[in-house]
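So the chains spell out like this:
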Amino acid sequence: MKIRDWDQNLKVRLFGESLMNLTFWMFFPFLTIYFTEEFGTGLAGTLLIVSQVFSAIANLLGGYYADRFGRKKMMVLSSFGQGIAFLFFGFANSPWFDSALVAFICFSVSGVFGSLYYPASQAMIADVVDEKNRSHVFAVFYTSVNISVVVGPVIGGIFFAHYRFELLVFAALSCLVLGILLVRYTRETAPLFANGHPQKEKKWYSSLVEQAQSYQVIIKDKIFMLFIFAGILVAQTYMQLDLILPVYTKKAFDEADFFNLIHFTGEQLFGFILSENGLIVALFSVAATKWMARYRERDVFVLSSLLYAVSIYLFGVWISSFGFIFSMLLFSLGELVVTGIQQNFVSKLSPPDMRAQYFAAASLRYTLGRTIAPISIPLAGMIGYKGTFAVLAVLAVASAGMYIVMFRQYEKRRLSGT
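Definitions and cut-offs
- Per chain, the residues get numbers from 1 upward, laid out in the order the sequence is written.
- This being a predicted model, a pLDDT of at least 70 is required before a residue's local features are given, and a value of 80 or more before pairs of side-chain atoms are given or counted; all residues contribute to the totals for chains, interfaces and linings.
- In computing side-chain properties, one takes all heavy atoms of the structure into account and sets aside hydrogens as well as water.
- Here a helix means four or more residues in a row that DSSP labels H or I, a strand means two or more in a row labelled E, and each is numbered from the N terminus.
- A 1.4 Å probe rolled over the protein chains alone gives each residue an accessible area, and that area as a share of the maximum for its type sets the label: buried under 20%, exposed over 50%, partly exposed in between.
- The contact criterion used is simple: two residues touch if any of their non-hydrogen atoms lie within 4.5 Å.
- Each accessible area is a Shrake-Rupley estimate made with a 1.4 Å probe; only the visible protein chains count as cover when residues are assessed.
- Patch membership requires over 30% relative accessible area and the absence of a salt bridge. Like charges are linked within 9 Å, and nonpolar side chains (Val, Leu, Ile, Met, Phe, Trp, Tyr) within 5 Å.
- One side-chain nitrogen of Lys or Arg within 4 Å of one carboxyl oxygen of Asp or Glu is enough to make a salt bridge.
- Buried Ala, Val, Leu, Ile, Met, Phe, Trp, Tyr and Cys residues that are joined via side-chain atoms within 4.5 Å together make up what is termed a nonpolar core.
- Using protein atoms alone on a 1 Å grid, points that fit a 1.4 Å probe yet trap it form a cavity, whereas open point sets bounded by protein on both sides within 12 Å along at least five of seven lines form a pocket; residues with an atom within 4 Å of a point count as lining.
- Grid points are joined across faces, edges and corners, and a volume is the space filled by probe spheres set on the points.
- Under the scheme applied, nonpolar residues are Ala, Val, Leu, Ile, Met, Phe, Trp, Tyr, Cys and Pro; charged residues are Asp, Glu, Lys and Arg; polar residues are all the others, including Gly.
- Angles shown run from 0 to 180 degrees and are taken between the N-to-C directions of axes, each axis being a line fitted to C-alpha atoms and, for helices, limited to the stretch in contact.
- Crossing handedness: left-handed means the near helix sits turned counterclockwise from the far one by under a right angle, and right-handed means the same turn made clockwise.
- Each Phe, Tyr or Trp ring (for Trp, its six-membered ring) is paired with any other whose centre lies within 6.5 Å, and the angle between the two planes then decides the class: stacked below 30 degrees, edge-to-face above 60, tilted in between.
- Note that the term roughly parallel is reserved for angles under 35 degrees, roughly antiparallel for angles over 145, roughly perpendicular for angles of 65 to 115, and oblique for everything else.

Asker: I keep staring at the overall build of the chain and nothing clicks. Help me out?
Answerer: Along the chain, the regular secondary structure elements total 18 helices and two strands. Each of the 418 residues in the chain was classed as buried or not, and the buried ones make up 56%. Taking contacts inside the chain between residues at least 6 apart in sequence as the whole, the part at least 24 apart equals 86%. Summing over all exposed atoms, the chain offers an accessible surface of approximately 18,300 Å²; the carbon and sulfur share of this is 68%.

Asker: So what exactly am I meant to see when it comes to a nonpolar patch on the surface here?
Answerer: Taken together, the side chains of Y313, V317, W318, F322, F326, L329 and L333 make up a nonpolar region of the molecular surface, amounting to roughly 550 Å² of accessible area. Taken together, the elements giving at least two residues each to the nonpolar patch come down to α13 (297–317) and α14 (321–338). Counting residues per element, the nonpolar patch draws most heavily on α14, at four residues. By secondary structure assignment, the location of V317 is in helix α13. The partly exposed category is assigned to V317, whose relative accessible area is 36%.

Asker: Honestly, the nonpolar core in this entry has me stumped. Any pointers?
Answerer: Most often, soluble globular proteins have nonpolar side chains that are buried together. F27, L31, F89, F224, F227 and F315 are the most contacted members of the largest nonpolar core, which totals 106 residues. Here the element with the most residues in this core is helix α5 (residues 100–128); it accounts for 12 residues. The contacts of F227, once residues within four sequence positions are left out, are F301, Q342, F345, V346, A362, R365, Y403 and M406.

Asker: Where do I start with the side chain of D7 in this structure?
Answerer: Tracing the chain through its elements places D7 in the segment before α1 (8–27). Setting aside its immediate chain neighbours within four residues, D7 contacts V128 and R187.

Asker: Just checking my understanding: could you explain the layout of surface pockets for this structure?
Answerer: To find leftover empty space, one rolls a probe the size of a water molecule over the atoms. A volume near 500 Å³ is recorded for the largest pocket. Along the wall of the largest pocket there are 19 residues; nearest its centre are F30, G156, G157, E267 and Q268. Counting residues per element, the lining of the largest pocket draws most heavily on helix α12 (residues 266–292), which supplies six residues. Here the lining of the largest pocket is composed, by residue class, of 10 nonpolar, six polar and three charged. Its volume calculated, the second largest pocket comes out at about 190 Å³. For the second largest pocket, the lining is made up of 14 residues, of which S135, T289, A293, I341 and N344 are closest to its centre.

Asker: When you look at the packing of helix α2 (residues 31–39) against α5 in this model, what are you seeing that I'm missing?
Answerer: How two helices pack is summed up by the angle between their axes together with the distance between the axes. Running from N to C, α2 and α5 cross one another at 140°; their axes reach a closest spacing of 11 Å. Relative to α5, the crossing made by α2 is left-handed. Every residue of α5 that contacts α2 at L31, Y34, F35, E38 and F39 is listed here: A100, L101, A103, F104 and F107. Considering only residue class, the contact of α2 with α5 consists of nine nonpolar, no polar and one charged.

Asker: Help me understand the environment of A56 in this model?
Answerer: Within the secondary structure, A56 is located in helix α3 (residues 41–69). Sequence separation between A56 and Y366 is 310 residues; the distance between their C-alpha atoms is 8.6 Å. Contacts of A56, omitting those with residues within four sequence positions, involve L364, T367 and L368.

Asker: Is there a simple way to explain the packing of aromatic side chains in this structure?
Answerer: Where two aromatic rings form a pair, the distance of their centres and the angle of their planes describe that pair. A complete count under the given rule lists 33 aromatic pairs for this structure. Consider the rings of F35 and F107, whose centres lie 5.7 Å apart with planes at 45°: the pair is tilted. Placement of the pair is F35 in helix α2 and F107 in helix α5, with a sequence separation of 72 residues. Using a relative accessible area of 9% as the deciding quantity, one classes F107 as buried. An angle of 90° between the planes, with centres 5.4 Å apart, marks the rings of W96 and F165 as edge-to-face. One end of the pair, W96, is in the loop between α4 (71–91) and α5; the other, F165, is in helix α7 (residues 164–185), and 69 residues separate them in sequence. By relative accessible area, W96 is classed as exposed at 63%.

Asker: Would you mind going over the pattern of salt bridges with me for this structure?
Answerer: Oppositely charged side chains are able to pair whenever their charged atoms sit close together. One pass over the full model with this rule turns up four salt bridges. Close ionic contact of E17 with R13 constitutes a salt bridge, the shortest N to O distance being 2.7 Å. In this pair, E17 and R13 are both assigned in helix α1, four residues apart and thus about one turn of the helix distant. In this structure, E17 and R13 share a single accessibility class: buried.

Asker: Can you help me understand the packing of α4 against α7 in this one?
Answerer: Between α4 and α7, whose axes approach to 8 Å, the crossing angle comes to 165°. Looking at the two axes, α4 sits roughly antiparallel to α7. Here the hand of the crossing between α4 and α7 comes out left-handed. In this structure, α4 contributes K72, M75, V76, S79, F80, Q82, G83, F86, L87, F89, G90 and F91 to the contact, and α7 contributes F165, L168, V169, A171, A172, C175, L176, L178, G179, I180, L182 and V183. Considered class by class, the residues forming the contact of α4 with α7 number 18 nonpolar, five polar and one charged.

Below, the structure written as structure tokens:
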């Protein structure tokens, strides 16, 4: 399915989200170092956990309201909310005012709005794309994100230290531009609205009761809950990409060289392997999704977890520039093989009228994973980086075992037709 054949909603979003993601990745990889330097390792880790708790709650709310009140409405609200949060974030790093605490609050608020956006955006893709082409479309959007991961940190490495205010204002403007594009050029795709039956106004407590009942149905889906728990376990590895890895790389390398050809500082080496990850995923996501579609989903999920396990362990024991570059190659392959397929798997499990809620619940793999992941920072202070990476590897292996159990249950359900 070529992009020119896409629904207009998706074309508009691909452009607007690409711009927003590019500006976001200009500063996001450097925030852990920034907050660690401002607050200290222990407090920074605790604050990041608290921030992710709010994002996890917002994520579930976003899924419910996207199903009940519309995908477009939630995405527009989220875009403008993020834009305003980034404006204040920039103000907290401006020539007139400097406050790390205010900056952290604004970062947390932007994370809440980002969590509101995600389930609606994923559900909209499933609304307008047939099942056969969904993995491909999800992979294209994922590729656009990873192009930003390649280009953004390179630009951000130049501007973040000395032009942070301007950078954050630019990020705010990109969010506002996305919001305007969504308002003017997209339509509602939620089934209730598409069928001409918008949700009736209800009292606030009725809405909360209905929401609790909706998610109760999801919680009773044992296969889906295994999917979430396995995802949370493996998330402890790839979430370290912007948590423990930048701090560890900076401490592990005062200087590094690659076969005496290229010389790095620790920060430059991290920027290089981050760009390596983004470049690999950006170049090969679509092709890998087509390739992996030939294999059983179970094998793809298990392979991904095992690749993450090996790569994160090697980061702790192979301390050289070549070792880090090779470890990131394996890390990127773990990400690459499951791109697109996991989102399509969620769409297959979810009823159309609860699609956004299923995507919201599925993204708990990321939000709860990110909530727990900052524990690695104080843990490294207690047992060392090598021990911490070994623990993370064990969690990834455990997720592979859980995927095997999940697919056994899934096959039983599919064969029984329930």
